[in-house]
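# Coordinates in review
What follows is the residue order along each chain.
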Amino acid sequence: MNIWKERYTLNENEQTFGLIERLHVSRGIRTAQGLKRFTHRSPNQFLNPSLLKDLDLAVERLLKAKDANESVLIFGDYDVDGTTSVSMVYGYLRDLGFKVAYYIPDRYKEGYGFSMTGAMYAIEHHFNLVITLDCGVKDGERIKLCQDHGIDVIVCDHHTPGELPCAFAIINPKRPDCLYPNKGLSGCGVGFKLLQGLTRSLDLKENKLYYYLDFVALSTAADIVPFTEENQLFVYFGLGVMNKKLRPGLEAIFKLSSSKSTTIGVQEMVFIFAPRINAAGRIFAGKRSVDLMLSKDLESAMIIAREIEAYNKERRFLDQEIAREAFDQIANDSFHTNSAVTIVKKEGWHKGVVGIVASRLIEKIYKPTLVLTELDGILSGSARSIPGVDMYESLQACSEYLTQFGGHTMAAGLSLPAENFNAFREKFNSVIEEQCTSDLFERVECFDEVIELTEINMDLYNQIQLLSPFGPEMEEPIFQAKHLIDTGYSRAVGSDQSHLSLTLQEVKTGVVMKGIFFKGAESLSLVKSKQPVDILFKLTLNTWNNQEKIEIEIKDLRLSKS
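Everything quoted here is computed from the prediction, not taken from an experiment.

## So, unusual backbone geometry
Residue Pro-469 follows Ser-468 across a cis peptide bond; omega there is 5°. Topologically, Pro-469 is positioned in the loop between helix 18 (458-466) and strand 14 (479-486). Of note, the phi angle at Asp-54 is positive, near 75°, even though the residue is not glycine. Structurally, the position occupied by Asp-54 is in the loop between helix 2 (32-39) and helix 3 (55-67). We note that Asp-134 has phi near 65°; this positive angle belongs to a residue other than glycine. The topology assignment puts Asp-134 in the loop between strand 4 (129-133) and helix 6 (140-148). Given the relative accessible area of 1%, Asp-134 is considered buried.

In structure tokens:
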């Protein structure tokens, strides 16, 4: 049973405010001026790029490269953040007349980061400048190799740095000496700030640069970075670009997805675009995603998109099979009986999907989770965490057993010799046990307000949408309603009957509301028991025959307590 908890605590005075005002205050909006940033959004609200340490130095180096017609290699990671970064920086610099090429490493042959193969490619092809995107801050050895061969390296990264590499410039809001207020930029967001600084130095209008905000929005949503002020603006304007006209590569993805959505939102970015862009790097080569996103016309884009759609179908099959094997392994391994973590491994598991499998495991077994695959005596894989457990710091505490690791608070990658596995597993488990209290292992569903269904109307829905787009640290309002009973029309739906279509009546007011509970079919018997239930839900808008009607999407359901 999940714990239900109010997301925010309001003071005595704030509790007397109206519902909409309370929603504003709980999200830090306490003045008319604070609300104005939502009602009068403008690209002028983007932060000054020059506040980023080394950005002006990097811009000077780019201007020199342009004037001297130097060769510039754009290097990026193989996931959504990396490939959108490369697509954006390469496309924009190319259009400005730079002599550019791009490089995405092979996930399996080269691994994460600025690889030795990539460095040698830059050396052998006589590039003068390398720009690393969404990687580089931990790749000092390869950067030094380039520098030794006369190749300058500009690092654009957002991962937590250790000792800084000897690059020409390092743009990373998380470096200790950087005063940039937005510490939560995605890798593509860092790349955008570099291009913004370059655009201003060239005294160009920024309108053409804003065309690339769809890439920044995609990376921000897919990389699960905070939707704080500037990041939320990136997503807001990026969605505006996408809904005005999808670029051919993204249009091809959307057409093949068979989505019924008429507009693009955060959900579509996370569940339609991101998995497919990621699929190329997981199954074949991330370069194909960049090829797709840089496509000039729909016809050529559709060819690549069909290829990537096939990769995505293979990815889904693989992650389901590996998840099944992982659950079997957990059930038969006594380590997991009382462990604070889930750690599974097997030779032959596909490295490209182990991160997805880790997330699947957490859905069922709510613990920090590592899924590793073995090849030639080396274990490598992905780690996923739960709120309150810093995965990066936890791995750092076990670094004596690891050959490589990196990532964020909630997600990381790692590798280690197979012979270190048992010692690492015991140490990692003890590290998590030491920093965690038992309540951290209970899944918490947060909500904003307890309301009656009579309070739901179009004005409330519109006021909520004013604060969108929603994401981490700018969560969509979730409400609790109490004492609802089935009207007799609730039923399991979906091709696998895993979802729950609900028609519920509030006992106190008699109001009836329709809704959907995704993956909630197991609650059907409880609903049909005619016992009153409480629900957590968000508001949705159903448009049918040009008629708009508010419905609800249920996040959790339980027997009424009082």
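Having seen the model, we can carry on.
## Digging into the packing of aromatic side chains
Scanning the entire structure with this criterion turns up 19 aromatic pairs. Judged by centre distance (5.3 Å) and plane angle (75°), the rings of Tyr-211 and Tyr-212 are edge-to-face. For Tyr-212, a relative accessible area of 6% translates into the label buried. Where Tyr-236 meets Phe-237, the ring centres are 5.1 Å apart and the plane angle is 90°; that geometry is what we call edge-to-face. Looking at Tyr-236, the relative accessible area reads 36%, which means it is partly exposed. Owing to a relative accessible area of 17%, Phe-237 belongs among the buried residues under this scheme. An aromatic cluster is built from Phe-46, Phe-192, Tyr-210, Phe-234, Tyr-236 and Phe-237, whose rings are joined through pairwise contacts.

## Comments concerning the environment of Leu-195
For Leu-195, the position within the fold is in helix 7 (residues 187-201). Owing to a relative accessible area of 0%, Leu-195 belongs among the buried residues under this scheme. As a C-alpha pair, Leu-195 and Leu-63 span 132 residues in sequence and 11 Å in three-dimensional space.

## Section: the packing of helix 10 (residues 229-244) against helix 12 (residues 266-283)
In the contact formed by helix 10 and helix 12, the axes pass within 10 Å of each other and the chain directions differ by 70°. When the axis of helix 10 is compared with that of helix 12, the two are roughly perpendicular. Listed contacts from helix 12 to Val-235, Leu-239 and Met-242 of helix 10 are Val-266, Met-269 and Phe-273. For the contact of helix 10 with helix 12, a count of residues per class yields six nonpolar, no polar and no charged.

Rules behind the numbers
Residues numbered from 1 in each chain as written. Predicted model: local features only at pLDDT ≥ 70, side-chain atom pairs only at ≥ 80, totals over all residues. Heavy atoms only, no water. Helix = DSSP H or I, 4+ residues; strand = E, 2+ residues; numbered from the N terminus. Buried < 20%, exposed > 50% of the residue type's maximum accessible area, 1.4 Å probe, protein only. Phe/Tyr/Trp six-rings, centres within 6.5 Å; stacked < 30°, edge-to-face > 60°. Axes fitted to C-alpha atoms, helices over the stretch in contact; angles between N-to-C directions. Parallel < 35°, antiparallel > 145°, perpendicular 65-115°, else oblique. Contact = heavy atoms within 4.5 Å. Nonpolar A, V, L, I, M, F, W, Y, C, P; charged D, E, K, R; others polar.

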